[in-house]
Amino acid sequence: MTFEELGLKSEVLKSLKELGFEAPTPIQQKAIPHLLKEDSDFVGLAQTGTGKTAAFGLPLINNIDNNARAPQGLVICPTRELCLQIAKDLEIFAKYTNVKIVAVYGGTDIRRQITDIKRGVSIIVATPGRLMDLIDRKAVSLSEVNYVVLDEADEMLNMGFKEDIDSILETTPDYKNVWLFSATMPAEVARIAKNYMDNPLEVSIGHKNQSNENIDHIYYVVKERDRYAAVKRLIDFNPDIYGLIFCRTRQETASVADKLAKEGYNAEPLHGDLSQAQRDRVMDRFRQKDLQVLVATDVAARGLDIDNITHVINYNLPDDIENYTHRSGRTARAGRKGESLVLINTREAGKIRAIERQMRTTFTLGTIPNATEICEIQLMKLIEKVIATEVKEADIEPFMPKVREALEGLTKEEVIKQFVSAEFNRFINYYEKAADLNAQAGKGDRDDREERGPRRERRNDGQELGKTRFFVNLGKRDGLNPGGLLRLVCDATGLTSSNIGKIDLMPSFSFFEADDEYAEKILRKVNGANYEGNTVSIEVTKKKTSSNRGGGGGGGYRDGGSFGGKFKSDRNKKEGGFGDRPRKEHRKGQGSKPRTFGKSFGK
Ligand code: AMP
């Protein structure tokens, strides 16, 4: 099937040609002809990577009347990153039309967005919080909106945007069409579909809750204490990896990324403790492939839509199976293949079965590669690189007589062996005594236990370190729910949900935790705020002792000594990585360049 056959107009087809889109993807084939019709409520169950942005974006742009002044199309999505990405895609599709697109999202100057809207806009792409703000300020009117797209509806509900979405939709006309996209179909999403749509066409790419068929799901059973060493082997075994490692907590994310970086891997963390500017910088570096491995929490990685990710590594499994769908869906986008690798300890096999049942997919049991396998892969990578190296005849010629003289007496075979060994001995030495990291499910290790919920450092009184606990005067009876509380705090303060910790709702009051550094701001901004007609009052529950984290704790991974020395003495105790030694060399004036000799990323 071709795009022409789907019924799109020539201006839109022209931009597709320029983009190089040759044939519509399955979701596009099914959605576009339906969405081009006048009455077209629609539910699309599709992951990112299936081409869903074009599935709604092309008919949206096709159908918009260029002469109208007020916005006719509205796309609501959960995160600022996704908002920018969608707006960028729509602008490209609309290149040969007069359709104007404006992105509105939090965390930036609202005045500029207001000016952009005033200039005239056909399609608004928005995150719910900022759009609500604009509606409250009467800076935007949605009374002529014909098409509302709810993208990643399940994520928006997870993030507590249900009420905002309801309020936004109330300001749109009854006759509008609603197009909903979601990777999964929990009951709340089904409810939205029921409330806002008339007999929608439902299209599912794959089964409901099933993941993309191009993803190979592989799990590895290791002892709890070997998790980190196993991750390194998986990276070493895939020298061309462009991967996302998921951890469950910010602390774990920071710690894994820090250890990898210190061992010379080209890795950085992405989590809620970073400022927006820091997160943007890390995401940009990852997008540019300047970073090979990104270690992220589920929350921070939301909206990070990047093609070509080769591997998703689950450092451990998320509690929520739907999060696994989201994690694994980061790879195998746009028809490509990808691998989702999962590390479990000996007591966690049940979790794999649960995911298999829910996603109707099968996992294969993988084997953590051994020393020989890794050395072979890395050696061949080196050889490939040598073969691909450009020989600058003129530049090297002056040196060649001396080189030839030095190598005189060695046969070709001997020269090859010497060069290979010079590069390679360090890896062979490193992996010489590397243990077999594969364990057997069910054959427990004392340290192994099924992880339930993020393991967070807690004080004696149960409160998480680094967090302040607040009392709130409203509870379930006042209509408060976790999403509502989250929105209340985030809207009043400008913080994001990742800054907020545990929430405990009681019938007539509640508690929540938030990062210490925001405590003062939260007290100032949330006190006196309004929640559904009630005035909110909050206070800090306990006077905090100094946040003297882990005084007697184990401390760092690095002893400050040289890598080489530490490496040798520690080799049997703690597994290092291929990164160790090259990094030491890179330090000599090369900055923090990526690690292996076989690296293929960065400039
Ligand atoms: P999405 O699911 O919208 O995030 O799209 C995933 C990726 O697939 C994006 O990079 C799109 O540009 C690309 N894409 C979408 N539709 C097509 C198509 N018909 N042909 C080729 N690439 C596409």
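Residues numbered from 1 in each chain as written. Predicted model: local features only at pLDDT ≥ 70, side-chain atom pairs only at ≥ 80, totals over all residues. Heavy atoms only, no water.

Thoughts on the overall build of the chain
Helix and strand counts for the chain stand at 22 helices and 20 strands. A separation threshold of at least 6 residues defines the contact pool for the chain, and within that pool the share at least 24 residues apart is 77%. (Helix = DSSP H or I, 4+ residues; strand = E, 2+ residues; numbered from the N terminus. Contact = heavy atoms within 4.5 Å.)

Let's talk about the pattern of salt bridges
All told, the structure shown has 33 salt bridges when counted by the stated rule. Between arginine 137 and aspartate 133 there is a salt bridge; the shortest N-O distance is 3.2 Å. On the basis of relative accessible area, arginine 137 is assigned to the partly exposed category, the value being 46%. Across the pair glutamate 384 and lysine 381 runs a salt bridge whose closest N-O atoms are separated by 3.9 Å. (Salt bridge = Lys/Arg side-chain N within 4 Å of Asp/Glu carboxyl O. Buried < 20%, exposed > 50% of the residue type's maximum accessible area, 1.4 Å probe, protein only.)

Notes on a nonpolar patch on the surface
A surface patch of nonpolar side chains, amounting to about 360 Å² of accessible area, comprises Val391, Ile396, Phe399 and Val403. With respect to the helices and strands, the residue valine 391 is situated in the loop between α15 (371–388) and α16 (393–396). Residue classification places valine 391 among the exposed residues on the basis of a relative accessible area of 53%. (Patch = residues over 30% accessible without salt bridge, like charges linked within 9 Å, V, L, I, M, F, W, Y side chains within 5 Å. Areas by Shrake-Rupley, 256 points an atom, 1.4 Å probe, with all protein chains shown as cover.)

A closer look at the confidence of the model for the chain
On average, the chain scores 81 in pLDDT, and the residues at 70 or more come to 84%. Under a pLDDT of 50 for its full length, residues 453–457 has, in the predicted model, 13 contacts with residues more than four places off or in other chains. Confidence over residues 543–603 falls short of pLDDT 50; this stretch has 114 contacts with residues more than four positions distant or in other chains. (pLDDT = per-residue confidence, 0-100.)

Digging into unusual backbone geometry
Positive phi, normally seen in glycine, also occurs at lysine 138, with a value near 60°. Structurally, the position occupied by lysine 138 is in the loop between α6 (128–136) and β5 (147–150). In this model, lysine 289 sits at a positive phi of 65°, which is unusual for a non-glycine residue. Along the chain, lysine 289 turns up in the loop between α12 (276–287) and β11 (293–297).

A closer look at the site of the ligand
The environment of the ligand is made up of 15 residues, and the closest members are Gln28, Gly49, Gly51, Thr53 and Asp307. In the environment of the ligand, an oxygen atom lies 2.6 Å from a nitrogen or oxygen atom belonging to the side chain of threonine 53. Contacts to the ligand include aspartate 307, whose side-chain N or O atom sits 2.5 Å from an oxygen atom. When the ligand is considered free in solution it has 500 Å² of accessible area, and contact with the protein chains removes 78% of it. (Near = heavy atom within 4 Å. Polar contact = N/O pair within 3.5 Å; in protein donor to acceptor, adjacent residues only side chain to side chain.)

Section: the sheet that holds strand β20 (residues 538–540)
With antiparallel pairing, the 4 strands of this open sheet are ordered in space as β16-β17-β15-β20. Looking at which strands have only one partner, the edges of the open sheet turn out to be β16 (500–505) and β20. Across the sheet, the mean angle separating the axes of adjacent strands is 25° when strand polarity is ignored. Where helix α19 (residues 482–493) meets the sheet, its contacts fall on β15 (467–472), β16 and β17 (510–515), and the angle it forms with β16 comes to roughly 130°. This element, helix α20 (residues 519–526), spans β15, β17 and β20 of the sheet and lies at about 160° to β20. (Pairing = 2+ DSSP bridges. Axes fitted to C-alpha atoms, helices over the stretch in contact; angles between N-to-C directions.)

Regarding the packing of helix α10 (residues 227–237) against helix α11 (residues 250–262)
Direction vectors running N to C along α10 and α11 enclose 55°, while the axes themselves pass 12 Å from each other. What the angle tells us is that α10 and α11 run oblique. You can see that α10 and α11 cross each other, and the crossing is right-handed. Across from Tyr228, Lys232 and Ile235 in α10, the residues of α11 making contact are Val256, Lys259 and Leu260. (Parallel < 35°, antiparallel > 145°, perpendicular 65-115°, else oblique. Left-handed = near helix turned anticlockwise from the far one by under 90°.)

Comments concerning the sheet that holds strand β2 (residues 73–76)
Pairing within the open sheet is parallel, and its 7 strands lie in the order β3-β4-β2-β5-β6-β1-β7. The open sheet has two free edges, formed respectively by β3 (101–104) and β7 (201–204), since each of these has just one partner strand. In this sheet, adjacent strand axes meet at a mean angle of 15° when their direction is disregarded. Sheet analysis places β2 next to strand β4 (residues 123–126), joined by 4 bridges and oriented parallel.

Remarks on the side chain of asparagine 316
Relative to the helices and strands, asparagine 316 resides in the loop between β12 (311–314) and α13 (321–328). Only 3.0 Å separates the side chain of asparagine 316 from the side chain of glutamate 252, close enough to count as a polar contact.

With respect to the packing of aromatic side chains
Summed over all chains, the structure comprises 11 aromatic pairs. Here tyrosine 219 and phenylalanine 363 contribute two aromatic rings whose centre-to-centre distance is 6.3 Å and whose plane-to-plane angle is 70°, an arrangement assigned as edge-to-face. In this pair, tyrosine 219 sits in strand β8 (residues 215–221) while phenylalanine 363 sits in strand β14 (residues 363–365), placing the two residues 144 residues apart along the sequence. Of the two residues, tyrosine 219 and phenylalanine 363, both sit in the buried class. Taken together, a centroid distance of 5.9 Å and an interplanar angle of 65° make the contact between phenylalanine 471 and phenylalanine 511 edge-to-face. You can see phenylalanine 471 sitting in strand β15 and its partner phenylalanine 511 sitting in strand β17, a full 40 residues away along the chain. A relative accessible area of 24% means that phenylalanine 471 is categorised as partly exposed. Looking at phenylalanine 511, the relative accessible area reads 16%, which means it is buried. Three or more aromatic residues link up through ring pairs in this structure, and these residues are Phe42, Phe56 and Phe181. The cationic tip of lysine 14 hangs over the ring face of tyrosine 96; the distance from NZ or CZ to the ring centre is 4.2 Å. Over the face of the ring belonging to tyrosine 242 we find lysine 289, whose NZ or CZ atom lies 4.9 Å from the ring centre. (Phe/Tyr/Trp six-rings, centres within 6.5 Å; stacked < 30°, edge-to-face > 60°. Lys NZ or Arg CZ within 6 Å of the ring centre and 35° of its normal.)

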